[in-house]
Amino acid sequence: MTAERTIRVSLQGHAYDITVRPGLHADAGAKLRALSKAAKAVVITDSNIPAATVSAMVTSLAAAGFAATVATVPAGEEHKSVEHVLKLYDQILPLRIDRHTPIVALGGGVIGDMTGFVAATILRGVPFVQCPTTLLSMVDASVGGKTGVNHTVGKNLIGAFHQPIAVLVDPNVLKTLPQRELRGGLAECIKHDLIRDAEGFANLEKDIGRALAVDIKYLTELVAHNVAIKARVVEADPFERGERAHLNFGHTFGHAIESISKYSYSHGESVALGMVAATRLGVLLDLLSEADERRIRNVITAAGLPIDGLKLDRNQVVDSMAFDKKVAGGKIRFVLLDGIGKAVVRDDVPVALVREAVESLV
Ligand SMILES: NC(=O)c1ccc[n+]([C@@H]2O[C@H](COP(=O)([O-])OP(=O)(O)OC[C@H]3O[C@@H](n4cnc5c(N)ncnc54)[C@H](O)[C@@H]3O)[C@@H](O)[C@H]2O)c1
Ligand SMILES: [Zn+2]
């Protein structure tokens, strides 16, 4: 049996555990009971989460004495909206929940973000538990307390910081996750090691193929390793005023690619290309060697993610970055690598080099 891993997240005034173990969701009720005396619980999930995953959660909650109600949102980013938040209030408020009733997010980042926002706002805030079911939400979205929904003006523009009381990660649920979603999560794992952990990156070079083969033992270690990296970054900068910006490595280019492609490149694919471009920029600025660049490109390729073949208007990509929200004082801020494992922020990058980095993706 794979051992349970616990990563403590300590924030001012609030600390909680992220627990990772195959099979953990069978014990979710007991874990929650240790934190809550509530009689009821609400589970929010989406229409793609396998029925067996949802019923296992409800059974576990019931065994621990929680009368659980399930609210299901249609799957997909387009449903991460204020409209669906209102529908969730309509479903949850008649249940006569109280300030202690926990709300459990059982799904990917869409469900985690939206559930967290519902939990932050309903009755002025109720306890919230993350049970992430995608690799991306395990290693990224469920860590850090950012919650919210999209608006037609842009993504994630409405939200709140609301930390969960627990994050329960059961890597077994990844067995049903589509491969493209798995690869998307790997993009964020690669990012984490590139900005913080050279040794972790060397491990990816050896083993990343095991993730695509859905080797649960390996995925358990990978998730625990990545949760720890993200948790440390969030602890150092809970409200995103400083070093948390390092998590945007690859995302300035990536967001431009994602939006110009009208999301035909997934987030993970866009970030992969974004990391390739940001890596090139690092080489052009003499921060990174070409040997390191080769290693980075090889790992991204081994994760089944793209490193070139960009079929978008390059000028449009460069122009759209100027509108990205990470623009500070008219200058584009780039997170770059000063060697593998070390991120730096630069706002003095000549636009000609940015253009050259985008050209390298063709
Ligand atoms: N709060 C944060 O800090 C943060 C960080 C990163 C991303 N996000 C947000 O996360 C969202 C993306 O999350 P995501 O990539 O998990 O997408 P997602 O929640 O849309 O899930 C991807 C797809 O996989 C399906 N799915 C989920 N788990 C499954 C399983 N175990 N088996 C089969 N199918 C499953 C979902 O129904 C969905 O169709 C975005 O809205 C993004 O803004 C938030
Ligand atoms: Zn991302």
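Residues numbered from 1 in each chain as written. Chains lettered and ligands numbered in written order. Predicted model: local features only at pLDDT ≥ 70, side-chain atom pairs only at ≥ 80, totals over all residues. Heavy atoms only, no water.

Undergrad: Describe the site of ligand 1, listing the residues and the values that go with them.
TA: In the neighbourhood of ligand 1, 24 residues make up the surrounding shell, with Glu 77, Gly 109, Thr 133, Thr 134 and Thr 176 lying closest. Within the backbone of Lys 146, a nitrogen or oxygen atom sits 2.9 Å from a nitrogen atom of ligand 1. If ligand 1 stood free it would expose 870 Å²; the protein chains cover 85% of that surface. Those elements that provide at least two residues to the shell around ligand 1 are helix H4 (109–121) and helix H5 (135–141). Of the residues that constitute the shell around ligand 1, the class distribution is nine nonpolar, seven polar and eight charged. (Near = heavy atom within 4 Å. Polar contact = N/O pair within 3.5 Å; in protein donor to acceptor, adjacent residues only side chain to side chain. Areas by Shrake-Rupley, 256 points an atom, 1.4 Å probe, with all protein chains shown as cover. Helix = DSSP H or I, 4+ residues; strand = E, 2+ residues; numbered from the N terminus. Nonpolar A, V, L, I, M, F, W, Y, C, P; charged D, E, K, R; others polar.)

Undergrad: Please set out the nonpolar core residue by residue, giving values where relevant.
TA: Note that soluble globular proteins tend to have their nonpolar side chains buried in a common cluster. Counting residues in hydrophobic clusters, the biggest one holds 80 residues, and the most contacted among them are Ile 18, Ile 190 and Phe 253. Broken down by element, this core gets its largest block of residues, 10 residues, from helix H8 (residues 216–236). Each of two domains, domain 1 (5–176) and domain 2 (179–359), supplies a minimum of three residues to this core. The residues touching Ile 190, leaving out its near neighbours within four places in the chain, are Phe 201, Leu 204, Ile 208, Met 275, Val 299, Ile 300 and Ala 303. (Core = buried A, V, L, I, M, F, W, Y, C linked by side-chain atoms within 4.5 Å. Buried < 20%, exposed > 50% of the residue type's maximum accessible area, 1.4 Å probe, protein only. Domains from an automatic or database assignment. Contact = heavy atoms within 4.5 Å.)

Undergrad: Tell me what's going on with the domain arrangement of the protein chain, and back it up with residues and numbers.
TA: Considered domain by domain, the protein chain is made up of domain 1 (5–176) and domain 2 (179–359). Domain 1 and domain 2 are separated by 27 Å when their C-alpha centres are compared. Facing the 24 residues of domain 1 at the interface are 30 residues of domain 2. Overall, the association of domain 1 and domain 2 removes approximately 2,300 Å² of surface from exposure, summing both partners, and the carbon and sulfur fraction of that is 73%. For domain 1, the biggest contributors to the area lost against domain 2 are Ile 7, Leu 135 and Val 139; these three give 24% of the whole. On the surface where domain 1 and domain 2 come into contact, there are three salt bridges. A salt bridge links Lys 230 to Asp 140; its shortest N-O distance comes to 2.8 Å. At the surface where domain 1 touches domain 2, the tally comes to six residue pairs in polar contact (both at pLDDT 80 or more). The set of elements that each furnish at least two residues to the side of domain 1 that touches domain 2 consists of strand S1 (5–11), strand S2 (14–20), H5 and strand S8 (154–161). The biggest single contributor to the side of domain 1 that touches domain 2 is S1, with six residues. (Buried area = accessible area lost by both parts, 1.4 Å probe. Salt bridge = Lys/Arg side-chain N within 4 Å of Asp/Glu carboxyl O.)

Undergrad: Provide a residue-level description of the UniProt feature "domain: 3-dehydroquinate synthase N-terminal" (unreviewed entry) in the protein chain, including the pertinent values.
TA: UniProt annotation of "domain: 3-dehydroquinate synthase N-terminal" (unreviewed entry) refers to residues 72–183 when read in the numbering used here. Structurally, residues 72–183 comprises 32% helix and 27% strand, and the distance from its first C-alpha atom to its last is 25 Å. (UniProt positions renumbered as here; feature names shortened; annotations may be inferred.)

Undergrad: I'd like a rundown of the coordination of the zinc ion (ligand 2), residues and numbers included.
TA: Note on the zinc ion (ligand 2): its protein donors are Glu 188 (OE), His 251 (NE2) and His 267 (NE2). The metal-donor distances range over 2.0 to 2.1 Å. Mapped onto the sequence, the residues coordinating the zinc ion (ligand 2) show the spacing E-x62-H-x15-H. On the criterion of sequence distance, the pair formed by Glu 188 in helix H6 (residues 179–196) and His 251 in helix H9 (residues 251–260) is long-range, its members being 63 residues apart. This pair shows no difference in class: Glu 188 is buried, exactly as His 251 is. (Donors = N, O, S within 2.8 Å, 3.2 Å for Na, K, Ca; no water.)

Undergrad: A description of the sheet that holds S2 should follow, citing residues and the corresponding values.
TA: If you walk across this open sheet you meet the seven strands as S1-S2-S9-S6-S5-S3-S4, and the pairing is mixed. Of all the strands in the sheet, the pair left with one neighbour each is S1 and strand S4 (67–73). Along the sheet, successive strands turn relative to each other by an average axial angle of 15°, direction set aside. Looking at chain direction, strand S5 (residues 103–107) and strand S6 (residues 128–132) are connected through five bridges and run parallel. Counted as the bridge partner of Ala 105 is Gln 130 from S6. (Pairing = 2+ DSSP bridges. Axes fitted to C-alpha atoms, helices over the stretch in contact; angles between N-to-C directions.)

Undergrad: So what's going on with the environment of Ala 198? Residues and values would help.
TA: Following the sequence through the fold, Ala 198 ends up in helix H7 (residues 198–212). In sequence terms Ala 198 and Gly 144 are 54 residues apart; their C-alpha atoms lie 23 Å from each other. Here Ala 198 is in contact with Asp 193, Ile 340 and Gly 341, once residues within four sequence places are set aside.

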